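Architecture at a glance
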Amino acid sequence: MRPRDASGDVDTAAWRSTMCPYCGVGCGLLVQVRDGRVTKVRGDPAHPANLGDICAKAVHLPPILGTADRLRHPQIRVRRGAELERVPWELALRFTADRMREIITAHGPDAVAFYASGQLLTEEYYLGSKLARGFVGTNNFDTNSRLCMASAAAGYARSLGSDGPPASYQDIDLADCFLLLGTNTADCHPVTFKRIRRRKLQAPDDVTVMVVDPRWTETADLADLHLSLRPGSDIALLNAMLHVLWREGLLDTRFVAEHTTGWEGLRAVIERYPPERGAALTGLSREVIVTAALRFGRARAALSLWSMGINQSHVGTDKNAAIINLHLATGQIGRPGAGPFSLTGQPNAMGGRETGGLAHLLPGYRLVSDAAARAAVERHWAIPAGRLPSTPGRSALEIFEGLARDEVRAVWIMCTNPAASMPDLDLVEKALRQAELVVVQDAYHPTETTRFADVLLPAAQWPEKDGVMTNSERRLTYLPKLVDPPGEALPDAVILTRFAHEMGWKEAFPCASTAEIFDEFASLTAGTVCDYSGVSHVRLQADGPVQWPVPAPDHPGTTRLYTDAVFPTPDGRARFLVVEHAEPLESPDASFPLVLTTGRVRDHWHTLTRTGKSPALASRTPEPILEVNLGDARRAGIQDGDFVEVTSRRGKVVAQCRVSAAIREGTCFLPFHWGRQAGFYKSANNLTLSGRDPVSHQPELKACAVRLRRVAEAIT
Ligand code: SF4
């Protein structure tokens, strides 16, 4: 453990440094442990991601660790309809291995799928990926990052040649223009938002903040320019901004000529996006589009930040390309304060991408379709040449669709709650009922998903195990084990290793420490874009967090990528991609006249399995609130505080509403945290649709058509 200087009431003997297990900001925490329990959490001033700041979710971590619904013992259901029974670990894992073997023998390895989580540690991700691909023999290893960041990963890879956000949090302190798209940073990445606000308040006349969002949020409150566009029209806006920059001579023509390809093809399309057309497609005024473009184009250093509002779209990958096009055209990449910078939702979604946590990836950002990459990984894992399957596996939604169609027979779910977080929950529940084998490895029970389990495996959670996570800015932080897990719960890496032994793969999965597992993975990244072969647990503990690439033990880490304007494409140039506006998959019509957009609130995390148990957080935001525009409310006969039934083509929700002008007319908003366990009609994913981006396979969670009906008036 790295010693820390402490000040004030910080007691150096009792406070340990680690990282927050919630969002992708990846804040460093100081955690007080007394009598084997976490008693207090505060921000770590020495951690570069947050410099001491934290948000309420982290402060209220202690009460959620030892709740009565922690899963403490393995359980199995010997047949469908039977009750879950407590069994010893050996029996649970033997039962799982026997059932897996039967299914693989009868239907082949692709009848098995693994669905993991951006909250796993890097070592756990790596073991899961290795187990599924190299030993079970399937690429059906996907994660809930598919719902979150897949479009950003695909966007970087298509435009820049590789995944990997080029910028850093440090760039926030250096930028003079912020373009925030589809991100309510104030609620979803509060500490990053504080840093943006600090920068703005330091130089209010020199720093421009532009927020692109159909809702007026606390983030928009900071904005010089709030672009309240029609949901889904981001590409039209970005193309029109690029049109203005081109017409006004604000492009970096030298950068374009020397470091990119494809400008002429894109220019031909951009010509068709004058700001007037942009205005017609986005619902914004021509003037506001021109102003936004000029502020971006005249900035010394422009930083674009975005999250789910961009990624959760059937054209999410194209939206990412449109943002990157803007940066390439103006040379705003690879230099201080500038760059495209996607904000990761989960604490280790980045680690998942690095270890092969998406169905088309192998560790080290390698593609399963690349023969040389497969050969390198096969050598590393000491498995026969040709063993690794070459076609991408099923993405998140495809796993559940496959289960519903009997094409997939078994699913192993780790550290996530798809029966609450996936779109179109009826389909997900049907899939889990239909499956021959559902294994769920979780810290809590019951959740919406664990009630479908045939095998329940109790997992340790933060900070009951040790390992590494990578935050949004490519920064690796070591998280030590600080307390023991309850009951018989085990770290996920230990569970996977023991299962591998039951399957007869002991040699490939020795009972290694997490430090040894990390070393095995880190050496496999050597020579890749996300090279962190120079990192080890010992180094992270001694020197603190570091940003990849870190190709040697004495390498200091890398603040930003592409400072030499050389990109990991075959010709070293970044690519302009032609992208066009496309309407959302479901447009409003007479039966469903509004667009519903879903998202997070500041006090909750994902499906409430943790934040819902914090009395402080739960009492601050106890119920989902539907936000409705004044005009839409008037037309539907709804008043502020009424209980409203929201209906889409897939289901219904009932929620109390807040009527205001803060949300764009024609649009309403509902947070997605509440699953059916909280109340069947509270779940936003009763309404959402499973349509998705054809490249990233990320579902369009941000737009579906709904109608509203008042079911009860406000209780006064
Ligand atoms: Fe944790 Fe994110 Fe809050 Fe930081 S901003 S304390 S990482 S939830």
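Remember, predicted model here, so these are calculated numbers, not experimental data. (Residues numbered from 1 in each chain as written. Predicted model: local features only at pLDDT ≥ 70, side-chain atom pairs only at ≥ 80, totals over all residues. Heavy atoms only, no water.)

Let's talk about the overall build of the chain
In terms of regular secondary structure, the chain is built from 24 helices and 28 strands. The C-alpha radius of gyration of the chain comes to 24 Å, within 12% of the 27 Å expected for a compact globule of 716 residues. Reported as C-alpha extents along the three principal axes, the dimensions of the chain are approximately 70 × 65 × 60 Å. Summarising the internal contacts of the chain: among those between residues at least 6 apart in sequence, 73% fall at separations of at least 24. If you sum the accessible surface of the chain, you get close to 23,800 Å²; carbon and sulfur atoms cover 50% of it. (Helix = DSSP H or I, 4+ residues; strand = E, 2+ residues; numbered from the N terminus. Rg over C-alpha atoms; globule rule 2.2 N^0.38 Å. Contact = heavy atoms within 4.5 Å. Areas by Shrake-Rupley, 256 points an atom, 1.4 Å probe, with all protein chains shown as cover.)

Some thoughts on the side chain of arginine 70
Residue placement: arginine 70 occurs in the loop between helix H1 (56-59) and strand E4 (75-76). Given a relative accessible area of 4%, arginine 70 falls into the buried group. At a separation of 2.7 Å, a polar atom in the side chain of arginine 70 contacts the main-chain carbonyl oxygen of leucine 65. Engagement of the side chain of arginine 70 in a polar contact is seen with the backbone oxygen of alanine 443, the distance being 3.0 Å. Once residues lying within four places of it in the same chain are set aside, the contact partners of arginine 70 are Leu65, Ala443, Tyr444, Ala459, Ala460, Gln461, Glu464 and Pro486. (Buried < 20%, exposed > 50% of the residue type's maximum accessible area, 1.4 Å probe, protein only. Polar contact = N/O pair within 3.5 Å; in protein donor to acceptor, adjacent residues only side chain to side chain.)

A closer look at the environment of alanine 150
Mapped onto the secondary structure, alanine 150 falls in helix H4 (residues 150-160). For alanine 150 and asparagine 311, which are 161 residues apart along the polypeptide, the C-alpha to C-alpha distance reads 7.3 Å. In this view, alanine 150 contacts Ser145, Ser696 and Gln698; residues no more than four positions away in its chain are not counted.

Structural notes on the site of the ligand
Lining the immediate surroundings of the ligand are Cys20, Tyr22, Cys23, Val25, Gly26, Cys27, Ile54, Cys55, Lys57, Ala58, Pro190 and Val191. Put simply, the parts of the chain that give the shell around the ligand at least two residues each are H1 and helix H6 (190-202). Class assignment of the residues belonging to the shell around the ligand gives a composition of 10 nonpolar, 1 polar and 1 charged. (Near = heavy atom within 4 Å. Nonpolar A, V, L, I, M, F, W, Y, C, P; charged D, E, K, R; others polar.)

Let's talk about the pairing of strand E2 (residues 28-34)
Most of E2 is tucked away: 5 of the 7 residues are buried. Where strand E1 (residues 15-19) and E2 come together, 5 bridges link them in antiparallel fashion. Residue arginine 16 lies in a different strand from E2, and its bridge partner there is valine 31. Note that E2 and strand E3 (residues 37-43) share 6 bridges and pair antiparallel. Following the sheet pairing, glutamine 32 is matched in E3 by lysine 40. (Pairing = 2+ DSSP bridges.)

Comments concerning the pattern of salt bridges
Following the criterion strictly, the structure yields 49 salt bridges and no others. Here arginine 230 and glutamate 583 are joined by a salt bridge, their closest N and O atoms 2.7 Å apart. On the criterion of sequence distance, the pair formed by arginine 230 in the loop between strand E10 (225-227) and helix H8 (234-247) and glutamate 583 in the loop between strand E22 (574-575) and strand E23 (594-599) is long-range, its members being 353 residues apart. Residue glutamate 583 is classed as partly exposed on the basis of its relative accessible area, which comes to 32%. Note that glutamate 586 is salt-bridged to arginine 650, the shortest N-O span being 2.9 Å. One end of the pair, glutamate 586, is in the loop between E22 and E23; the other, arginine 650, is in the loop between strand E25 (643-647) and strand E26 (652-660), and 64 residues separate them in sequence. What emerges from the salt-bridge pattern is a single network uniting Asp426, Glu429, Arg433, Arg451 and Arg676. (Salt bridge = Lys/Arg side-chain N within 4 Å of Asp/Glu carboxyl O.)

Quick notes on helix H19 (residues 425-434)
Since the α-helix packs 3.6 residues into each turn, any two residues three or four apart lie on the same face. Of the positions making up H19, those classed as buried are Leu425, Val428, Glu429, Ala431 and Leu432. Angularly, the buried residues of H19 cover 155° about the axis, an arc narrow enough to put them on a single face. Elements in contact with the buried residues of H19: helix H17 (396-404), strand E16 (410-414), helix H18 (418-421) and strand E17 (437-442). (Arc of directions from axis to C-beta.)

Points about the sheet that holds strand E9 (residues 208-212)
In spatial order, the strands read E10-E9-E8-E12-E13; together these 5 strands make up an open sheet with parallel pairing. Strands at the two margins of the open sheet, each flanked by one partner only, are E10 and strand E13 (339-342). Neighbouring strand axes in the sheet, compared pairwise and without regard to direction, differ in orientation by 15° on average. As paired strands, strand E8 (residues 177-181) and E9 are joined by 5 bridges and run parallel to one another. Its bridge partner being in E9, phenylalanine 178 is matched across the sheet by valine 209. Contacts from H4 reach strand E12 (302-306) and E13 within the one sheet, and its direction differs from that of E13 by about 150°. (Axes fitted to C-alpha atoms, helices over the stretch in contact; angles between N-to-C directions.)

Considerations on the domain arrangement of the chain
The assigned domain composition of the chain is domain 1 (14-64), domain 2 (75-147 + 348-547), domain 3 (150-342) and domain 4 (594-711). Inter-centroid distance (C-alpha atoms) of domain 2 to domain 3 is 34 Å. Contacts between domain 2 and domain 3 engage 12 residues on the former and 15 residues on the latter. Roughly 1,100 Å² is buried in total at the junction of domain 2 and domain 3, and carbon and sulfur atoms are behind 45% of that figure. In this structure, aspartate 163 engages arginine 353 in a salt bridge whose closest nitrogen and oxygen atoms are separated by 2.7 Å. Viewed at the interface, domain 3 and domain 2 are joined by 8 residue pairs in polar contact (both at pLDDT 80 or more). Taken together, the residues of the side of domain 2 that touches domain 3 break down into 4 nonpolar, 4 polar and 4 charged. (Domains from an automatic or database assignment. Buried area = accessible area lost by both parts, 1.4 Å probe.)

As for helix H21 (residues 514-524)
Of the positions making up H21, those classed as buried are Thr514, Ile517, Phe518, Phe521, Ala522 and Leu524. Seen end-on, H21 carries its buried residues on one side only, within an arc spanning 155°.

Quick notes on the packing of helix H3 (residues 122-136) against helix H20 (residues 492-502)
Their axes nearest at 9 Å, the elements H3 and H20 cross at an angle of 20°. With respect to each other, H3 and H20 are oriented roughly parallel. Where H3 crosses over H20, the handedness of that crossing is left-handed. Residues Glu124, Leu127, Gly128 and Leu131 of H3 pack against Asp492, Ala493, Leu496, Thr497, Phe499 and Ala500 of H20. (Parallel < 35°, antiparallel > 145°, perpendicular 65-115°, else oblique. Left-handed = near helix turned anticlockwise from the far one by under 90°.)

Some details on the packing of helix H2 (residues 89-107) against H20
Taken N-terminus to C-terminus, the directions of H2 and H20 make an angle of 60°; their axes are 9 Å apart at the nearest point. Classified by the interaxial angle, the pair formed by H2 and H20 is oblique. Along this stretch, H2 crosses H20, giving a crossing that reads as right-handed. Taken together, the residues of H20 that come into contact with H2 (itself represented by Trp89, Glu90, Leu93, Arg94, Thr96, Ala97, Met100 and Arg101) are Ile495, Arg498, Phe499 and Glu502. In terms of residue class, the contact of H2 with H20 is built from 6 nonpolar, 1 polar and 5 charged.

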